[in-house]
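Chain by chain, the residues:
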Amino acid sequence: VLVEDLQGDFKQLEAILQHDLSRRYRHPEKEELPLLDPRRSLGSVIKVFHPHKDYTEEHNHWIATIPPYIKDLLFVLKAYYRPSWGQDWPQCFSVDWINGHLGYVLKYSGTKLIARYLRVGFTDLHTGRLFTLRQDFYPACKWQMEDDITASVIVPSEKISDLNAEGHPSVKFVSNCEYRLYQRPDEAVIPGCDHKAEYAMTLPETFTCNLHPITREEAKKMVSDSIAFARYTEPMQQFLREFAQSTTGPRFAACPSVRRRMPNGTFSTNPRYLEDREDLTSSRKAYLLRTSTRLARQLPKDQPVHYSAQAIISGRRNNPPEENIAPLSVHNPLHYLELPELFMEYASNMTGKSPSTTGSGLEGVMTKRPFNGLSTITDLNNALTSFLLTGYQGFISSAGFLGPHHPIGHDVTYLIPEIWCRMSAEERDASFLIEHDYLEPCCDFTHEGQCVEASRLGYRITDSFIKTFGGRIFSSPETLFPEEMLRPELQDRDIFSKSMANIVDAHRRAAEIFFNDGSIEGACPPLRALLDIMAFGESNGLRRSSPEFRRMFDPSTIRSQEWYGARLEAFRQQQIHHWERCYCEVKTWCDQLCSEGNNADVMVFSASQRLDAIGEQLQRLQFQDTTYFCGCLGLDPYVCP
C-alpha cells in the first residue's frame, strides 16, 4: 500500500472525514453516520465514494476530485480502524525513512501493509488488467463437483424439510457420475500459477493429454535453470528434481507448463488432465462443509444435509472474427435470459472456435450423443420442464472476449461466483435487478438497413450492477468494466451486427435439425412453438414477442398444463411396469426357494417380505393419481409413449 506524502495524505483524509455527507442524496433517506463509525461497514464507505445517479451533482463532482490512491488509503483506514483510537489514528500508521527522506510503503503498527489485486481480462498488449481488492476481501471457497456428465433429479420443496429452497416450489439436486474431472489447465502454462494442476502432475497414475513427455535430460536442464525452476510450486520442484536424479522407474514425466509441440512448430493450446474430485478426496473439507451447514440450519446429527442448486449460470465462449471463423462477440460479462431466449441458446449451444460434427457454430449437447442414448429433444424437454417447475432463472456469463477487442479468458467465469455468493436471494432475483436498473434490456436496432435482433440477448448488467455488487470485492469497481465492455456494440457496430446474424443463423440451423430428423413431434408445446419460431420466424401466427407465446413459459401455469400431466402419467405407468417386473422376478425366486425344501426357510421368509413390500408399492401406484408426483420431472412421453 503506497502513499505519496504521508503527512499531506493524512491531512486530505482528515478533510474527507470532516466532510458533510448529509447532502449526499438528492432526496435524503436517513441520517448519515460518520465514516469511521463502527456501525458503518466498509462496503457502505466504498459506496459513498463511487458516483451514483441518486447522489447530487455536487457530491459526484467532489468524489471525482479525490485521487484514487487517497480513496484506497481511506478504505485501508476504515478496515483497520478501532474506536479506541479516536482522533489519534495517524499515530498507528507510518512509513520508513530512506536516505533521509520519508518512504512510500505504508505500515500499520510497524508491519508493511499489502494490497491484493485480481486480474480481470487483458489489455491489447496481453498484459493483465489488475484491480485492487478490498482490504476485508476473503475469497469464497469454490468446490468443483461436476464436469460434463451429471445426473439430476427435481423434487418438490415441500417433500424435504430443513432445506434452503429460497422460495422455489421445486428444487434440483445434482450428482456427478464420474470420479475424476477432465480439467483444462490454461493458466498452468505460467510456472507456479496453477497450484492444483502442478500438484496433480506429481501424483502417480495421473492421466494427461497434449503435454510434452519430459525426458531425464530435459528435466536436468529444467532443474539447472535455477531462476526459472524456482517459479514452480514446491511439489513440482521436488517431483522434477527426484525424476531427474533417478535412474529407474518411468522414462518420462509431465509438467503442465511444457506443452506438446505440434507438427507445424506451435505448441498445443488444448492441454488436459484428469483430476480426482475434491469432494471425494478431501474428507476434512467435506466434513467441515456438512457440519457448518448443519449448524447454520440447526439440523440434528442424524438428519442428512441436503444441498440443492441455488443458481443456474451457464458459460458462453465469445470470439472476435478470425480467418474462416465467424464473429461471436456480442455479450457483456453477465446476461439474464428469459426462458424463450435461454432455450434458443441451449438448443443451439453456439461456439465460434470449436466447430462440431453438426457444423460451425453448433456445440454442446449436439456432440454429447456418444454419452447419451436419448434424443436431444428429450434433453430439451426435460431441461425446460425443470426450469418451469423450479422457477430457476437463467444467466449467461462470458469467457474469451467482451466484444471483439477485449480479451478476458476465463477471468469473468471465476469472478461471477465471487459476486453471486455475496448477494442475497432477493438481490439475485432478476425482477429485482431489472427494477433497480442493475439489468438493462438489449433492444433491436437497424444497421445499414438491416434489423439486428439484439433482443435475443435478453438483459445485460449495467454500470450500477458493477458499482454496487462489484464494490463488495473491489475498492474501485467503477473502473472494472468501461462502457464499451458493458455495451459491446460501441466497440464495432459492424462486427456486432455480423455476430448477431451468426447467432440468428445458428438458431435457425439448430432448430431445423429437429424438423429434419422428425424428433420435433416429441417436443412439448412451449418447446415446439419456440423451435417453430427459431426455424421459420413464427408459430401459428405467434412471434417471439407475442404475449400469448411468452405466457407458455410462465412457471406458475405448468402444473395445470395437459402436457405436464401426460409426463406424470407416463412416469406412473413406467413405475407400475417396473414394480410388476420386480414382483414377477421375486415371485419366481421365492417359488424356486420353496421347491428346495426346509433348508431355505430363512430365505423364503425374506423373499416373502420383499413380495409384500413390492405388492404394497404396486397397490399404492395403481390407486394413486398423478397429483402425488406433482412438482417432479415426470417422464417424457416421447421416450416412453
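Here the structure is a predicted model, which means the values were calculated and not measured.

Asker: What should I look at first to understand the environment of Phe207 in this one?
Answerer: The residue Phe207 is located in the loop between α5 (195–201) and β11 (208–209) in this model. What makes Phe207 partly exposed here is its relative accessible area of 42%. Expressed as a C-alpha distance, the spacing of Phe207 and Arg261, which sit 54 residues apart in the sequence, is 18 Å. Setting aside residues no more than four positions away along its own chain, Phe207 makes contact with Tyr182, Arg272, Tyr273 and Leu274.

Asker: Can you walk me through the nonpolar core in this structure?
Answerer: Here is a general trend for soluble globular proteins: nonpolar side chains tend to be buried in one another's company. In this structure, Phe343 and Leu527 are the most contacted members of the largest nonpolar core, which totals 45 residues. Elements supplying a minimum of two residues to this core: β8 (150–156), β9 (170–176), α11 (339–348), α12 (376–390), α17 (493–516), α18 (525–536), α20 (562–594) and α21 (601–623). Here the element with the most residues in this core is α18; it accounts for seven residues. Not counting residues within four places of it along the chain, the set of residues in contact with Leu527 comprises Ile377, Leu380, Asn381 and Leu384.

Asker: Would you explain helix α1 (residues 6–17) in this entry?
Answerer: One turn of an α-helix holds 3.6 residues; hence residues three or four places apart share an orientation. Helix length check: α1, at 12 residues, gives a terminal C-alpha distance of 16 Å against a target of 16 Å (1.5 Å per residue), a fit within 8%. The complete set of buried residues in α1 reads Leu6, Asp9, Phe10, Leu13 and Ile16. Along the axis of α1, the buried positions cluster into a sector of 115°, meaning they face one direction only. Packed against the buried residues of α1 are α3 (57–64), α4 (68–80) and β1 (93–94).

Asker: For this particular structure, what's the right way to read the sheet that holds strand β5 (residues 111–112)?
Answerer: Sheet strands pair by backbone hydrogen bonding; their relative direction is either parallel or antiparallel. On the basis of which strands lie adjacent, the open sheet formed by three strands has the order β1-β4-β5 and antiparallel pairing. Pairing within the sheet leaves two strands with one partner each, and these edge strands are β1 and β5. With two bridges connecting them, strand β4 (residues 107–108) and β5 associate as antiparallel partners. In the strand pairing of β5, Tyr108 is matched with Thr111.

Asker: I tried to follow the sheet that holds β11 on my own but got confused; where do I start?
Answerer: On the basis of which strands lie adjacent, the open sheet formed by three strands has the order β10-β12-β11 and antiparallel pairing. The outermost strands of the open sheet, each flanked by one partner alone, are β10 (180–183) and β11.

Asker: Sorry if this is basic, but what is going on with the side chain of Thr378 here?
Answerer: Here Thr378 lies in helix α12. Among the residues examined, Thr378 registers a relative accessible area of 2% and is labelled buried. If we ignore the near neighbours within four places in the chain, the residues touching Thr378 are Asp636, Tyr638 and Val639.

Asker: What is the right way to read unusual backbone geometry from this model?
Answerer: Most peptide bonds are trans, and most residues other than glycine sit at a negative phi. Phi at Ser109 takes a positive value of approximately 55°, unusual for a residue other than glycine. Structurally, the position occupied by Ser109 is in the loop between β4 and β5.

Asker: I keep staring at the environment of Phe605 and nothing clicks. Help me out?
Answerer: Turning to its location among the elements, Phe605 is positioned in helix α21. On the basis of relative accessibility, which here comes to 53%, the residue Phe605 falls in the exposed class. Each C-alpha atom of the pair Phe605 and Cys594 lies 10.0 Å from the other, and the pair is 11 residues apart in sequence.

Asker: Sorry if this is basic, but what is going on with the pairing of strand β13 (residues 312–317) here?
Answerer: On any regular strand, side chains alternate: one points to one face of the sheet, the next to the other face. Residues Ile312, Ser314 and Arg316 of β13 are buried on one face, while the alternating residues Ile313, Gly315 and Arg317, pointing to the opposite face, are not. With six bridges joining them, β13 and strand β15 (residues 394–401) adopt parallel strand pairing. Bridge pairing in β15 links Gly315 to Ser397.

Asker: For this particular structure, what's the right way to read the packing of aromatic side chains?
Answerer: The relative placement of two aromatic rings is captured by the distance of their centres and the angle of their planes. Scanning the model with the defined rule gives 26 aromatic pairs in all. Judged by centre distance (5.3 Å) and plane angle (70°), the ring pair of Phe10 and Trp89 falls under edge-to-face. Note that Phe10 is positioned in helix α1 and Trp89 in the loop between α4 and β1, a separation of 79 residues in sequence. The same class applies to Phe10 as to Trp89, namely buried.

Asker: What is the right way to read the pattern of salt bridges from this model?
Answerer: Per the stated rule, a full pass over the model turns up 39 salt bridges. With a shortest N-O distance of 4.0 Å, Lys53 and Asp437 are connected by a salt bridge. Taken as a pair, Lys53 in the loop between α2 (42–48) and α3 and Asp437 in the loop between α14 (430–435) and β17 (439–441) lie far apart in primary sequence, 384 residues in all. A salt bridge links Arg572 to Glu569; the nearest nitrogen and oxygen atoms lie 3.2 Å apart. Pair noted here: Arg572 and Glu569 are both in helix α20, with a separation of three residues, about one helical turn. Its relative accessible area of 12% is what places Arg572 among the buried residues.

Asker: Which parts of the structure should I look at to understand the pairing of strand β7 (residues 128–132)?
Answerer: Only one face of β7 is covered, namely the face carrying Arg129 and Phe131; the face carrying Gly128, Leu130 and Thr132 is uncovered. Alignment of strand β6 (residues 117–122) against β7, held across four bridges, turns out to be antiparallel. Bridged to Phe122 within β7 is Gly128. In sequence, β6 turns back onto β7 through a hairpin of five residues, with His126 there showing a positive phi of about 65°.

Asker: Help me understand the environment of Val1, please; the structure alone is not making it clear to me.
Answerer: Mapped onto the fold, Val1 is located in the segment before α1. The class for Val1 is buried, based on a relative accessible area of 17%. Spatially, the C-alpha atoms of Val1 and Tyr104 are 8.3 Å apart, while their sequence positions differ by 103 residues. Not counting the four nearest positions on each side in its chain, Val1 is found in contact with Val76, Tyr104, Val105, Leu106, Leu113, Ile114, Ala115 and Gln135.

Asker: Would you explain the packing of α12 against α20 in this entry?
Answerer: Packed helix pairs are specified by the crossing angle of their axes together with the interaxial distance, meaning the distance between the axes. Where α12 meets α20, the closest approach of the two axes is 12 Å, and the angle between their N-to-C directions is 110°. When the axes of α12 and α20 are compared, the pair comes out roughly perpendicular. Contact residues: Asn381, Asn382, Thr385, Leu388 and Leu389 in α12; Trp563, Tyr564 and Arg567 in α20. Across the contact of α12 with α20, the residue classes tally to four nonpolar, three polar and one charged.

Asker: What am I meant to see in the packing of helix α6 (residues 216–224) against helix α8 (residues 234–245) here?
Answerer: The contact between α6 and α8 brings their axes to 8 Å, and the two run at 130°. The orientation of α6 with respect to α8, classified from their angle, is oblique. Helix-helix and strand crossings are classified by hand; for α6 and α8 the assignment is left-handed. Residues Arg216, Ala219, Lys220, Met222 and Val223 of α6 pack against Leu240, Arg241, Phe243 and Ala244 of α8. Class assignment for the residues of the contact of α6 with α8 results in six nonpolar, no polar and three charged.

Asker: What is the right way to look at α8 in this model?
Answerer: Taking 1.5 Å as the rise per residue, α8 with 12 residues should run 16 Å; its terminal C-alpha atoms sit 17 Å apart, in good agreement. What α8 keeps buried is the set Met236, Gln237, Leu240, Phe243 and Ala244. Considered in projection along α8, the buried side chains sweep an arc of 140° and stay on one side of the axis. In α8, those exposed residues whose orientation departs by more than 90 degrees from the buried face are Glu234 and Gln245. Structurally, α8 contributes buried residues whose contacts are with α5, α6 and α7 (226–229).

Calculation notes
Residues numbered from 1 in each chain as written. Predicted model: local features only at pLDDT ≥ 70, side-chain atom pairs only at ≥ 80, totals over all residues. Heavy atoms only, no water. Helix = DSSP H or I, 4+ residues; strand = E, 2+ residues; numbered from the N terminus. Buried < 20%, exposed > 50% of the residue type's maximum accessible area, 1.4 Å probe, protein only. Contact = heavy atoms within 4.5 Å. Core = buried A, V, L, I, M, F, W, Y, C linked by side-chain atoms within 4.5 Å. Expected span 1.5 Å × (residues − 1). Arc of directions from axis to C-beta. Pairing = 2+ DSSP bridges. Phe/Tyr/Trp six-rings, centres within 6.5 Å; stacked < 30°, edge-to-face > 60°. Salt bridge = Lys/Arg side-chain N within 4 Å of Asp/Glu carboxyl O. Axes fitted to C-alpha atoms, helices over the stretch in contact; angles between N-to-C directions. Parallel < 35°, antiparallel > 145°, perpendicular 65-115°, else oblique. Nonpolar A, V, L, I, M, F, W, Y, C, P; charged D, E, K, R; others polar. Left-handed = near helix turned anticlockwise from the far one by under 90°.

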